[in-house]
Amino acid sequence: MNEQECEQQRWQAAERLALVLNAGGLQRMSARVLAVFLFTGAETVTMGDIADRLSVSAGSVSGAVKTLLSTGLIERLPAPGSRREHYRLREDAWPTLFSTQNTVVHVMLQAAQAGMAATSSGDPAHHRLGRMRDFYEFLLEELPGLLRRWQERQEVT
């Protein structure tokens, strides 16, 4: 297989990953942009690089980059001498993303607690909401240790 065919296969794999990320809930353009960060051979990329790679407008890339910045998956880097902003996938992207999911866990826990307060103890809904509450309380208890163990594993490798 020649270099051009290898590169084509690489970006086909990136697009397949973007489809999976999209099916998992990430907006389509954010998923495609994240795939660029995962599959690029470059140390950093600009919005122009991403737009060129995906054959899309710079405007559509801008919104996706803002989303990925706000979730902590990518970071903006100083680029002395360049008029363009440079970005890269954060080294700690996945635990950072997982940590930001705690907000969702808290919201779900609060929703379960509010639902329990609105139902009586003999109500089947009260029981189901109690199991929901218990699950999200369990997650909140376990997440710090899980993230700590991940960090320890990364320090060893």
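Structure shown above.
Figured I'd write up the structure that's included with this text. (Residues numbered from 1 in each chain as written. Predicted model: local features only at pLDDT ≥ 70, side-chain atom pairs only at ≥ 80, totals over all residues. Heavy atoms only, no water.)

**As for the sheet that holds strand 2 (residues 74-77)**
Thinking step 1. Within the open sheet, the three strands sit side by side as 1-3-2. Their pairing is antiparallel. The sheet terminates laterally at strand 1 (45-46) and strand 2, the two strands that pair on one side only.
Thinking step 2. In the sheet, strand 2 pairs with strand 3 (residues 86-89) via four bridges, with the strands oriented antiparallel. Within the sheet, the bridge partner assigned to arginine 76 lies in strand 3 and is tyrosine 87.
Thinking step 3. Against the sheet, helix 2 (residues 28-39) contacts strand 1, strand 2 and strand 3, and its axis sits at roughly 80 degrees relative to strand 3.
Thinking step 4. Sheet contacts for helix 4 (residues 58-70): strand 2 and strand 3; angle to strand 2, the most-contacted strand, approximately 105 degrees. (Pairing = 2+ DSSP bridges. Helix = DSSP H or I, 4+ residues; strand = E, 2+ residues; numbered from the N terminus. Contact = heavy atoms within 4.5 Å. Axes fitted to C-alpha atoms, helices over the stretch in contact; angles between N-to-C directions.)

**Comments concerning the nonpolar core**
Thinking step 1. Counting residues in hydrophobic clusters, the biggest one holds 22 residues, and the most contacted among them are Val33, Phe37, Ile50, Val65, Leu68 and Ile74.
Thinking step 2. Those elements that provide at least two residues to this core are helix 1 (3-23), helix 2, helix 3 (47-54) and helix 4.
Thinking step 3. By residue number, the principal contributor to this core is helix 2, which donates seven residues.
Thinking step 4. Residues contacting isoleucine 50, with those up to four places away along its chain left out, are Val33, Val36, Phe37, Val45, Val61 and Val65. (Core = buried A, V, L, I, M, F, W, Y, C linked by side-chain atoms within 4.5 Å. Buried < 20%, exposed > 50% of the residue type's maximum accessible area, 1.4 Å probe, protein only.)

**Some thoughts on the packing of helix 6 (residues 102-117) against helix 7 (residues 124-156)**
Helices that pack against each other are described as a pair by the angle of their axes relative to one another and the distance between those axes.
Thinking step 1. Close contact between helix 6 and helix 7 brings their axes to 8 Å; oriented N to C, the two are set at 150 degrees. Considering the angle they form, helix 6 stands roughly antiparallel to helix 7. Here helix 6 runs over helix 7; the crossing is left-handed. Facing Asn102, Val105, His106, Met108, Leu109, Ala112, Gln113, Gly115 and Met116 of helix 6, the residues of helix 7 in contact are His126, Leu129, Gly130, Met132, Arg133, Tyr136, Glu137, Leu139, Leu140 and Leu143.
Thinking step 2. Of the residues in the contact of helix 6 with helix 7, the class split is eleven nonpolar, six polar and two charged. (Parallel < 35°, antiparallel > 145°, perpendicular 65-115°, else oblique. Left-handed = near helix turned anticlockwise from the far one by under 90°. Nonpolar A, V, L, I, M, F, W, Y, C, P; charged D, E, K, R; others polar.)

**Examining unusual backbone geometry**
Thinking step 1. Positive phi, normally seen in glycine, also occurs at serine 55, with a value near 55 degrees.
Thinking step 2. Here serine 55 shows up in the loop between helix 3 and helix 4.
Thinking step 3. The class for serine 55 is exposed, based on a relative accessible area of 67%.

**Some details on the pairing of strand 3**
Thinking step 1. With two bridges connecting them, strand 1 and strand 3 associate as antiparallel partners. Counterpart to threonine 46 in the pairing with strand 3 is histidine 86.

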